[in-house]
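# Commentary on secondary and tertiary structure
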Amino acid sequence: MKITNISWERVGCKLKKPFITALRTLDYLEVIQVVISSDSGEIGIGGCAPTAAITGETMGSLDAALLFLSEKIKGMEIEGLAPILYKIKTGMAGNTSAKAALDIALHDLYSKKLGIPLYQYLGGFSDRLSTDLTISLNSMEEMVEDANQAFKDGFKELKLKVGGDPDEDVSRIMGIREALGTEVKLRLDANQGWTVRDAVKIVNRVQDMGGDLDFVEQPVKGTDLKGMRFVRENIGVPLVADESIFSPEDAMRIVEEEAADGFNIKLMKCGGISEALKISAIAETAGLFCMVGAMMESHAGVSAAAHLAASLKTVKYADLDVPLLCSEKTEKGGIIYNGAEIRFPDLPGLGMEL
Ligand code: MG
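Residues numbered from 1 in each chain as written. Predicted model: local features only at pLDDT ≥ 70, side-chain atom pairs only at ≥ 80, totals over all residues. Heavy atoms only, no water.

Glancing now at the coordination of the magnesium ion. Summarising the metal site, the magnesium ion is bound by the protein donors Asp189 (OD), Glu217 (OE) and Asp242 (OD), whose distances to it range over 2.1 to 2.3 Å. One chain supplies every donor to the magnesium ion, and in sequence these donors are spaced D-x27-E-x24-D. Here Glu217 lies in strand S8 (residues 213-217) and Asp189 lies in strand S7 (residues 185-189), a separation of 28 residues in the sequence. On the basis of relative accessible area, Asp189 is assigned to the buried category, the value being 0%. (Donors = N, O, S within 2.8 Å, 3.2 Å for Na, K, Ca; no water. Helix = DSSP H or I, 4+ residues; strand = E, 2+ residues; numbered from the N terminus. Buried < 20%, exposed > 50% of the residue type's maximum accessible area, 1.4 Å probe, protein only.)

Each α-helix winds once per 3.6 residues, and so residues spaced three or four apart point in a common direction. An ideal rise of 1.5 Å per residue puts 21 Å on 15 residues; helix H2 (residues 59-73) measures up with 21 Å between its terminal C-alpha atoms. For H2, every residue scored as buried is listed here: Met59, Leu62, Ala65, Leu66, Leu69, Ser70 and Ile73. All buried residues of H2 fall inside an arc of 125° around its axis, so they share one side. If you follow the buried residues of H2, they end up packed against strand S1 (3-20), strand S2 (25-38), strand S3 (43-48), helix H3 (82-91) and helix H4 (96-114). (Expected span 1.5 Å × (residues − 1). Arc of directions from axis to C-beta. Contact = heavy atoms within 4.5 Å.)

What follows concerns the packing of H2 against H3. For any two helices packed against each other, the geometry is given by the interaxial angle and the distance between the axes. Put simply, H2 and H3 touch, their axes get as near as 10 Å, and they point 140° apart. Between H2 and H3, the crossing angle belongs to the class labelled oblique. Between H2 and H3 lies a crossing of right-handed hand. Residue-level contacts link Phe68, Leu69, Lys72 and Ile73 of H2 to Ile84, Lys87, Ile88 and Gly91 of H3. (Axes fitted to C-alpha atoms, helices over the stretch in contact; angles between N-to-C directions. Parallel < 35°, antiparallel > 145°, perpendicular 65-115°, else oblique. Left-handed = near helix turned anticlockwise from the far one by under 90°.)

Time to look at the sheet that holds S2. Spatial ordering of the open sheet is given by S1-S2-S3, a layout of three strands whose pairing is antiparallel. The open sheet has two edge strands with one neighbour each: S1 and S3. Pairwise comparison of adjacent strand axes, ignoring direction, gives a mean angle of 20° for this sheet. Taken together, the six bridges between S2 and S3 define a ladder with antiparallel strand orientation. Counterpart to Gln33 in the pairing with S3 is Gly47. (Pairing = 2+ DSSP bridges.)

Structure representation (structure tokens):
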């Protein structure tokens, strides 16, 4: 089986409501769908999205990187994936989302060649998964209303976007806890929005008031591993690194600095499934847990992340709700949602179609 062609196009849709974090606001989601064709007639589908504020990539840079990398791997034999993935990884620095799109499409194609779903190819620890739902950073009243609706829709795990004014953040979290009671699981994502001191103060105040948090994600600047460690040592809940961890090398550094209890793995940050597996292996060896998250990205990308999450024993949490935030489905096939439950179609690869 040989790679004969690689093509890509932009697809987009409006979000049901604006997605707001401490870093950015988004109301329209535009992504790239990548298709790798082979001489056997089989295709592999992948996807990526520009998240300039996090990975530094734009639509223009994704186009350029896909063109550059596809020239390097076109014509290669697909006996095994390792030589192709190595070419992609070492072909250029950075550009992790563009690399992830090709890595995903190749994994889709290869598991199709084997005739099994991707999660089985990746080890198949489980064939089940459920996701939390993200509540955007808004006024306390609006966040309570959104959380109430999510709970009614069957979501028992909510990820609250915080990272605004400290007092208001405490009100937001406790407003939701009081409105929904103890049945709902709450986790926080500050997207680097707090100072080290504020992070410790806010989390401890919330816990003292009965906030009962599962974990806190990226409270402070991603590059501030000493700050992360200080927060971790002074709060009573697990700390998850997100903007602090892109690569396996970052994972090693976090372990050395004892800066987190868990890693939020995103394919767009690390460059695809092959690198994500290395991060999971580091977590497992060092006794950390993983969650698998996603950027605001394509259905193919989120589907690949779901297959990865189900296949790994290290993954304790999944934050794969992006398709639920979209007003329409612009890509065919892939994972299927039933409330918070994610199901895999009984098809080889990702089960995506053109
Ligand atoms: Mg995050």
